[in-house]
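Residues per chain are reported as follows:
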Amino acid sequence: QWYQRRVRSSGINAEYGVTIQPFLMASSGEEASEQAKVMLTEKGAEEIVLKAQILAGGRGKGTFSSGLKGGVKLSTNPSEIGDLTSQMIGYNLVTKQTKPEGSPVRNVMVAKALNIVKETYLAIVLDRGYGGPVIIASPDGGVDIEEVAERTPERVHKIPVDIFDGISEDAALDLARKLEFEGDAVTQAAGEIKKLYELFLGVDATQVEVNPFGLTDNNEVVCFDAKINFDDNSQFRQKEIFGMEDTSESDPRELEAAESDLNYIAMDGNIACLVNGAGLAMATMDIIQLHGGSPANFLDVGGKVQEEQVEKAFNILTRDPAVKAIFVNIFGGIVDCKVIASGIISACQKTSLELPLVVRLKGSNMDAARDLLASSGLKIQAIDQLNDAAEAVVKCVM
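Residues numbered from 1 in each chain as written. Predicted model: local features only at pLDDT ≥ 70, side-chain atom pairs only at ≥ 80, totals over all residues. Heavy atoms only, no water.

Caption draft 1: Structural detail: the pattern of salt bridges. For the structure on display, the rule yields 16 salt bridges. Among the salt bridges present, the one from Arg-253 reaches Asp-320, with a minimum N-O distance of 3.5 Å. With Arg-253 in helix H8 (residues 252-259) and Asp-320 in the loop between helix H10 (307-318) and strand E17 (325-332), this pair connects stretches of sequence that are 67 residues apart. By relative accessible area, Arg-253 is classed as partly exposed at 21%. One connected set of salt bridges, linked through shared partners, spans Lys-51, Arg-59 and Asp-225. (Salt bridge = Lys/Arg side-chain N within 4 Å of Asp/Glu carboxyl O. Helix = DSSP H or I, 4+ residues; strand = E, 2+ residues; numbered from the N terminus. Buried < 20%, exposed > 50% of the residue type's maximum accessible area, 1.4 Å probe, protein only.)

Put into structure tokens, the structure is as follows:
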């Protein structure tokens, strides 16, 4: 399956000619059974592989809330495929990459099972260090690439690609050989590599990861499982892809924040953070932890934040029952500190905020912002130094 953080797409591969397993989708046990019959009688499948569809890895070793073990199953019996699907759809699947409660399964993939005789790893990523695309490849696929890199780093190859020249035929063939394909499979693998690079450019991807990039017992090179991440800035020209966005597994607060152009990610701590800039947000969470606290979220309000967005941010933060204090940390370069202060005051008044609130405002209009906070009559700890402010907010929850 091909998916972005929140996108599943079966059409991308067809457009770029990438070789994948033939498959059909189903959303019920009955439908899965019928799709299995089609795969067996019309699509040339001798066996069916059934895959629960969630936006997380580790499905094969996962457990369903129904009690079923494993989110990837093999069978030649359509009735069994239907029964297995009924134990998947409507239940949560817990894997090493999901939340403790797991992710809900709403669809399954009914695919033609192929016998894999060789598994390799292939990814194309945008790499800041190289200033462009880099291919990461290893002849040891089917497992976490991090494990391979740690255990046998010499088996992981990194090949920078000139974004203007692309991948030449010779370079693709050389990479196929490094993946230890042999005979006719070398040419096939090289062709798939070039198609994947065309896909990478064509859909404005930041990552295309195929694991395994494998060889079947029929000597066919196939991209079995893949993940694609897209550049958010390309939304204006990738409307079809972004229109496929699946928010069913998303935190409702994250969706609500996105509607107001806020970047919010929930965490499991008790100190809510409101910060401008991703780098400062990460540093804020780090210094909270340094003082023994635990951040409840990542929230970047961005450089063009307005008063209404600050109010929305407070509304989202204060609805988290785990939150026991709020830390506002703003560096006013582009952001006007006075706008932030006005938003804070308005939000506190509208929500009747009772939680401890520590505010650090530095930069543009900070004196006027401090005066607003001081004259508001609200119980706000306004602190200039980041270390002191972080220490103060942690004390509020101790």
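Caption draft 2: Highlighting the side chain of Gln-21. Considering the arrangement of structural elements, one finds Gln-21 in the loop between helix H1 (12-16) and strand E1 (23-26). At a separation of 3.5 Å, a polar atom in the side chain of Gln-21 contacts the side chain of Lys-51. Setting aside residues up to four positions removed in sequence, Gln-21 forms contacts with Val-49, Lys-51, Ala-111, Lys-112, Ala-113, Leu-114, Val-222 and Phe-224. (Polar contact = N/O pair within 3.5 Å; in protein donor to acceptor, adjacent residues only side chain to side chain. Contact = heavy atoms within 4.5 Å.)

Caption draft 3: Spotlight on the sheet that holds strand E7 (residues 108-112). Pairing is antiparallel across the open sheet formed by 4 strands, whose spatial order is E1-E7-E2-E4. Looking at strand neighbours, the two that pair on one side only are E1 and strand E4 (72-75), the edges of this open sheet. Neighbouring strand axes in the sheet, compared pairwise and without regard to direction, differ in orientation by 20° on average. Relative to E4, strand E2 (residues 48-52) is paired through 4 bridges, and the arrangement is antiparallel. Looking at E4, one finds that Leu-50 is bridged to Lys-73. On top of the sheet, helix H2 (residues 29-41) reaches E1, E2 and E7; it is set at about 170° to E1, its chief contact. On top of the sheet, helix H3 (residues 78-86) reaches E2, E4 and E7; it is set at about 10° to E2, its chief contact. (Pairing = 2+ DSSP bridges. Axes fitted to C-alpha atoms, helices over the stretch in contact; angles between N-to-C directions.)

Caption draft 4: Broad picture of the packing of aromatic side chains. Following the criterion strictly, the structure yields 3 aromatic pairs and no others. Their ring planes at 80° and their centres at 5.8 Å tell us that Phe-181 and Phe-213 sit as a pair that is edge-to-face. With a gap of 32 residues between them, Phe-181 in the loop between helix H5 (169-178) and helix H6 (184-202) and Phe-213 in strand E11 (residues 205-216) connect regions that are remote in the sequence. By the burial criterion, Phe-181 is buried, and Phe-213 matches it. (Phe/Tyr/Trp six-rings, centres within 6.5 Å; stacked < 30°, edge-to-face > 60°.)

Caption draft 5: Highlighting the pairing of E2. Most of E2 is tucked away: 5 of the 5 residues are buried. Neither face of E2 is exposed, since Ile-48, Leu-50 and Ala-52 on one face and Val-49 and Lys-51 on the opposite face are all buried. Summarising the sheet, E2 and E7 pair through 5 bridges and their orientation is antiparallel. When the sheet's bridge partners are listed, Lys-51 is paired in E7 with Met-109.

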